[in-house]
Amino acid sequence: MASESSPLLAYRLLGEEGVALPANGAGGPGGASARKLSTFLGVVVPTVLSMFSIVVFLRIGFVVGHAGLLQALAMLLVAYFILALTVLSVCAIATNGAVQGGGAYFMISRTLGPEVGGSIGLMFYLANVCGCAVSLLGLVESVLDVFGADATGPSGLRVLPQGYGWNLLYGSLLLGLVGGVCTLGAGLYARASFLTFLLVSGSLASVLISFVAVGPRDIRLTPRPGPNGSSLPPRFGHFTGFNSSTLKDNLGAGYAEDYTTGAVMNFASVFAVLFNGCTGIMAGANMSGELKDPSRAIPLGTIVAVAYTFFVYVLLFFLSSFTCDRTLLQEDYGFFRAISLWPPLVLIGIYATALSASMSSLIGASRILHALARDDLFGVILAPAKVVSRGGNPWAAVLYSWGLVQLVLLAGKLNTLAAVVTVFYLVAYAAVDLSCLSLEWASAPNFRPTFSLFSWHTCLLGVASCLLMMFLISPGAAGGSLLLMGLLAALLTARGGPSSWGYVSQALLFHQVRKYLLRLDVRKDHVKFWRPQLLLLVGNPRGALPLLRLANQLKKGGLYVLGHVTLGDLDSLPSDPVQPQYGAWLSLVDRAQVKAFVDLTLSPSVRQGAQHLLRISGLGGMKPNTLVLGFYDDAPPQDHFLTDPAFSEPADSTREGSSPALSTLFPPPRAPGSPRALNPQDYVATVADALKMNKNVVLARASGALPPERLSRGSGGTSQLHHVDVWPLNLLRPRGGPGYVDVCGLFLLQMATILGMVPAWHSARLRIFLCLGPREAPGAAEGRLRALLSQLRIRAEVQEVVWGEGAGAGEPEAEEEGDFVNSGRGDAEAEALARSANALVRAQQGRGTGGGPGGPEGGDAEGPITALTFLYLPRPPADPARYPRYLALLETLTRDLGPTLLVHGVTPVTCTDL
């Protein structure tokens, strides 16, 4: 969004006649020249033929005969209600922007992202491939029912040989005819579909006229074998003409045994057959790459086709119920031929619908495959399908699909696969509904479809209906399809995909996060649910990588912001130098595998920039409450990019959207002795500013010396035991006493406990050092501290050490906090106290614990060592002139202690209540 580059800039504002025109075509397989189909030929005709399929001729009697007119109409209403919900979603998405080739796959992938879109697109492709094979095998069976040598019907001609090999030959020949038409292009397919549409319409017209023109007659039914293989006497069904008693008899349900399969029918099984025949609403959308105006043609043509087929189905249900008795409806599903004025015309209609359904499935599959190959989601496997002819016809994708259909034909009977095909279609329909639902819920300003007859209610109902139908038709196929979709999505996620399509998930997250941030009321904060929200100020991440990961472990599910100050004045610069840096910092977060936000600012000084970040970072109730800084010392900067495994390997620059190596995005570390961006005075002033703003402060020294496994994301086992030492007393205060019970001391304990909750620190032992004055008896204070730790649910070892003797004990406390930092006493005395405190802390490092709690024992080289030390950070002096002295005392206090965190807390963070 920061760039002024936009897809709209690819458009010429005015064409020759003052109309906005795209500069490079419409994006179909062959550009604008390939878009030739009108709404009627490209959408209405293929959708009508797909929705009719063979059901309109061979399953009307089945549905009405078993379910009765009332339940049959209810089934039809439910089926079309489910389909209409998806049609509304298709219309909304299709009118929200330019639709390229790939139909439903294009809509889903550009909304839900390549992972979900690619997985569902492949499943939709396989559904079309298998659907083509099912249609062809249904056509072969229909032909052999009349012309086959083994035909059992009363009017069979018995001229064609039958058997597996013959059936495969007939299916392959028909596939050759269908594939040849589709290979020659969408134009020939449209003309062939139109011819088929005329044949089907003529056949249906003859059936409708026959219902009125033909008088009552008895129709001989297919003979059934009797017991012991004996033949039963001929049976007849009755065509009564329009008769009210016939209608009355056919109103209610009469579920019986299906004479073709021997299974007893029920509502679910009959509804599944009806719904299987009605699917096909995407046939027009699959041709999106060849449509002149897909955004107009897809919604208009699909709605017209759905309305037309619904009207024809209702009319046929009524006419069948008025004129045919239940015996005829249940025992002869092809009774249209028996009552037709010219029976061969019904056969032509049956064969034409099956042929058109197979053509529609094959060309739709090829367009989806071409779109998948063009998007390069599955790599070299689908690469051949990218090839197109000079006119834009993806003939390679057609041949690819042709070969797969031929493989499916080898399976022969596909009765069980028919349910799988329908389930795959329903998965795609549910995904379209989910795409529209996501766009509507995201409330993105650019989602403004011209088609407005939808809402999130219709989308949600469409998703639920499709999922319900999947499990109603075939629970096993539904579960398997969802599992397959999950596996494909995982594969695409691992492989990576284009990031330029846009992810609706990001828009949904933004929408929901904004809502919840508004509900996150800071006035309702409670100490029970306090968590650290860190702002880590980083100069150059090359030298701060260990601290960056340590802060990530300290956050305990709280906000974590990486802050950086770029020095400069915007008035004197031609553009903002901060914006181009965000990409590098976000790549740093990804490579370091930390859960952090990035906030950069431009300021004349680091101190002012830190103030800006402390004030404006975060939003609402999610704002930093703790400032983390690296320690200001003379240690030479290290380049951790050279030693860290995550940064030592170059980034993969071959994949789309990948970033260059981070080593080229951040400057090398500062040379020893070179000027710094922050002087000691401003460093201490930054700490003082944070405390004035009621922010907690953490200063980290020597974090690069932490054991490597303590810096990783995982637990990382190690054979060496470690301690985490906590000194919750201000060691620069000369008097002893229980100073650890103040707010800062409790904050220190809380931060150390939080670190112990991280898997990488589970094995480290927490030690708390109880500092006694020279006149205090041991034991009493330890008991009070253990009681406090018990109330705070903190498990730790307690060790008593004597502190305060010979360091000015007995003198009156200084003003403010009573420490040497804020007192007016001499530098030599303060330096001596800092050295004594440093020696005391170092003496406890590397010392194991004895058999009893708190009993120090002589350490040895093989015993546990201290991995991290928490020290009490005194408040900076009120007089800025004493800032250098304060920093020098901190340096002396922490010298040679290894990894150390100096912590000063200003807010209560612990609670003993439930």
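What counts, and at which threshold
Residues numbered from 1 in each chain as written. Predicted model: local features only at pLDDT ≥ 70, side-chain atom pairs only at ≥ 80, totals over all residues. Heavy atoms only, no water. Helix = DSSP H or I, 4+ residues; strand = E, 2+ residues; numbered from the N terminus. Buried < 20%, exposed > 50% of the residue type's maximum accessible area, 1.4 Å probe, protein only. Contact = heavy atoms within 4.5 Å. Expected span 1.5 Å × (residues − 1). Polar contact = N/O pair within 3.5 Å; in protein donor to acceptor, adjacent residues only side chain to side chain. Pairing = 2+ DSSP bridges. Axes fitted to C-alpha atoms, helices over the stretch in contact; angles between N-to-C directions. Parallel < 35°, antiparallel > 145°, perpendicular 65-115°, else oblique. Left-handed = near helix turned anticlockwise from the far one by under 90°. Nonpolar A, V, L, I, M, F, W, Y, C, P; charged D, E, K, R; others polar. Core = buried A, V, L, I, M, F, W, Y, C linked by side-chain atoms within 4.5 Å.

Undergrad: So, the overall build of the protein chain: which residues are in play, and what are the values?
TA: Helix and strand counts for the protein chain come out as 27 helices and 14 strands. The buried share among the 914 residues of the protein chain stands at 52%. Relative to all contacts within the protein chain whose residues are 6 or more apart in sequence, the contacts with residues 24 or more apart total 81%.

Undergrad: Can you tell me about helix 9 (residues 267-278), naming the residues and giving the values?
TA: Spanning twelve residues, helix 9 covers 16 Å between terminal C-alpha atoms, matching the ideal 16 Å at 1.5 Å per step. Inspection of helix 9 places Val270, Phe271, Ala272, Leu274, Phe275, Gly277 and Cys278 among the buried residues, and these make up the whole buried set. The N-capping residue of helix 9, defined by a side-chain oxygen 3.2 Å from the backbone nitrogen of Ala268, is Asn266. In the segment just after helix 9, Gly280 is the residue with positive phi, at about 135°.

Undergrad: Summarise the sheet that holds strand 13 (residues 865-872); cite the residues concerned and give the values.
TA: Strand order in the open sheet formed by ten strands is 7-6-5-8-9-14-13-10-11-12, with mixed pairing between adjacent strands. Edge positions in the sheet fall to strand 7 (597-603) and strand 12 (797-802), since each of these pairs with one other strand and no more. Each strand axis lies, on average, 25° off the axis of its neighbour in the sheet, ignoring direction. Across four bridges, the pairing between strand 10 (residues 722-727) and strand 11 (residues 765-772) is parallel. Considered in strand 11, the bridge of Asp725 is made with Arg767. Sheet strands in contact with helix 20 (residues 582-592) are strand 6 (560-567) and strand 7, and its direction is about 145° off that of strand 7.

Undergrad: How would you explain the packing of helix 3 (residues 60-94) against helix 9 if you had to name every residue and give the values?
TA: At their nearest, the axes of helix 3 and helix 9 sit 9 Å apart, and the two run at 55° to each other. If you check the angle between helix 3 and helix 9, you find them oblique. Seen from above, helix 3 lies across helix 9 with right-handed handedness. Where helix 3 abuts helix 9, its residues Phe62, Val63, His66, Ala67, Gln71, Met75, Leu76, Val78, Ala79, Tyr80, Ile82 and Leu83 lie against Phe267, Val270, Phe271, Val273, Leu274, Phe275 and Cys278. Split into classes, the residues belonging to the contact of helix 3 with helix 9 amount to 17 nonpolar, two polar and no charged.

Undergrad: Lay out the environment of Pro344 in plain terms, naming residues and giving numbers.
TA: Position of Pro344 relative to the elements: it lies in helix 13 (residues 343-375). On the basis of relative accessible area, Pro344 is assigned to the partly exposed category, the value being 35%. Sequence separation between Pro344 and Ser203 is 141 residues; the distance between their C-alpha atoms is 9.1 Å.

Undergrad: For the nonpolar core, give the residues involved together with the corresponding values.
TA: The biggest cluster of nonpolar side chains holds 155 residues, and the ones touching the most others in it are Phe211 and Phe317. Here this core gets 21 residues from one element, more than from any other, and that element is helix 3. Every residue in contact with Phe317, bar those within four places of it in the chain, is listed here: Ile60, Val63, Val64, Leu69, Ala72, Leu73, Leu76 and Leu274. By size, the runner-up hydrophobic cluster in this structure holds 63 residues, among which are Val538, Leu600, Leu770 and Leu772.

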